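Breakdown of the fold
Residues per chain, in single letters:
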Amino acid sequence: MDNELASSWHQGELKVQKRAGTDKRMTEIGPKFIRQFMPQQHRDFFQSLSMIFIGYTDNQSHTYASVLFGVPGFIHSITESELVINTQSSMADFITDNVNIGDRIGLLGIEFDSKRRNRVNGIITDINQKNIKVIVLQSYGNCPKYIQAKTFIPNRYYGQFHTTIGVQLSQTDRQVITGADTFFIASSFNDGRQLNNRGADISHRGGPAGFVSINAKGQLLVDDYVGNGFFNTLGNLLENPITSLLFCDWQQGHALQIRVSSQILWHDDITPKNAALTARQGSATAKTARTLCFTPLKIERLSNGLAYRQAHPSPP
């Protein structure tokens, strides 16, 4: 196989890995950990889910983070390298007209109660009114670190959709964001080369409620906790800073999709300007090497968009 085709990482990921000091370890780990097929336990896992998070790029080249819903079995693994997903139940935002055959998408499955999560980056090979078929380009698991345990019940108001759009965060938006213990980032990188590590991706971020703060400029600040060292998301953000955040209000059954411009603030070269940008009470910046700064560009409020709600508050 061509070495270029076999590469696990694109240039943005390699730059961040080198800056963070994980590059040598990732050179060895990448080919072993990232596969072009799903092991049986991953196939079983995806087929057992009742929701799956998706990152995709629409016809206007805007990247979105979304979630699709169903009953277990709405995702079907027909082979070790193919998934068929019923796309009929979403937050009222995702329709098959948003994507095309040949598009690269990212998929993330999470079991919040067991804290299992697995990822697939793939390419759409077929679309109809009910389903999309995806061929796996990259498949790998993620550790349970930072996943906040939750159990869900059906949201009886799901389907009573209402959407509003804004450019500034409302007080309710701020409460959802600063009270969140989980959000999702859809990012993308595509330079036109048909390599497995191009396209859209979606990742999970979690922490104690309040781990996302908002500064006086209305920018979202998130300390980047120590993770697997892959830096898939940060590598994409380095090359393409326009990205999408998804905050799910599991208590009320609503969601926020926020298109943002992103910036990676490294603590070892914080300037006085950046120091003022990141300063906040109770900051954990001393324990992390980076802070992610997101400037909102467009805010979509999706009322009753979640098919499931949290059964009870998260444990401490």
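Residues numbered from 1 in each chain as written. Predicted model: local features only at pLDDT ≥ 70, side-chain atom pairs only at ≥ 80, totals over all residues. Heavy atoms only, no water.

**Thoughts on the packing of aromatic side chains**
Applicable threshold: Put simply, two rings from Phe, Tyr or Trp (the six-membered ring, in Trp's case) pair if the centres are within 6.5 Å, and we call them stacked under 30 degrees between planes, edge-to-face over 60, tilted for the rest. The helix count covers DSSP runs of H or I at least four residues long, the strand count covers runs of E at least two residues long, and both are numbered beginning at the N terminus.
Using the criterion set out here, one finds 12 aromatic pairs in the structure. Residues Y56 and F94 carry aromatic rings whose centres are separated by 5.0 Å and whose planes lie at 85 degrees to one another, so their mutual orientation is edge-to-face. Linking Y56 in strand β1 (residues 51-57) with F94 in the loop between β4 (82-86) and β5 (104-111), this pair joins segments that are 38 residues apart in sequence. Ring centres of F112 and W250 lie 6.1 Å apart, and the angle between their planes is 65 degrees; this geometry places the pair in the edge-to-face category. Here the residue F112 occupies a position in the loop between β5 and β6 (116-127), and W250 occupies one in the loop between β14 (242-249) and β15 (254-266), the gap between them amounting to 138 residues.

**Re the sheet that holds β1**
Our working rule: Should DSSP find at least two bridges between two strands, the strands are regarded as paired. For helices, the axis comes from a line fit to the C-alpha atoms of the stretch in contact; other axes are also lines fit to C-alpha atoms, and the angle between any two N-to-C directions lies between 0 and 180 degrees.
Read from one edge to the other, the open sheet built from 7 strands follows the order β2-β1-β5-β6-β7-β4-β3, with strand pairing classed as antiparallel. What marks the edges here is a single partner per strand, and that holds for β2 (63-69) and β3 (75-79). Strand-to-strand twist across the sheet, computed as the mean angle between neighbouring axes with direction ignored, equals 35 degrees. Across 8 bridges, β5 lies against β6 in antiparallel orientation. Residue pairing across strands places I105 opposite G122, the latter belonging to β6.

**Quick word on the pattern of salt bridges**
We apply this condition: In what follows, salt bridge is the name for a side-chain nitrogen of Lys or Arg lying within 4 Å of a carboxyl oxygen of Asp or Glu.
For the structure on display, the rule yields 7 salt bridges. Here R301 and D173 are joined by a salt bridge, their closest N and O atoms 2.9 Å apart. Pair noted here: R301 is in strand β16 (residues 290-303) and D173 is in helix α5 (residues 171-178), with a separation of 128 residues, a long-range link. Here E300 and K298 are joined by a salt bridge, their closest N and O atoms 3.9 Å apart. Linked through salt bridges whose partners overlap, the residues forming this network are R205, D224 and R290.

**A word on the pairing of β2**
What counts, and what does not: Burial classification: accessible surface area is computed with a 1.4 Å probe over protein chains only, and a residue below 20% of its type maximum counts as buried, one above 50% as exposed, and the rest as partly exposed.
Within β2, 7 of the 7 residues are buried, which leaves the element mostly enclosed by the surrounding structure. Residues T63, A65, V67 and F69 line one face of β2 and the alternating positions Y64, S66 and L68 line the opposite face, and both faces are buried. In the sheet, β1 pairs with β2 via 7 bridges, with the strands oriented antiparallel. Its bridge partner being in β2, M51 is matched across the sheet by F69. Here β1 folds back onto β2 in antiparallel fashion, the turn holding 5 residues, of which S61 has a positive phi close to 65 degrees.

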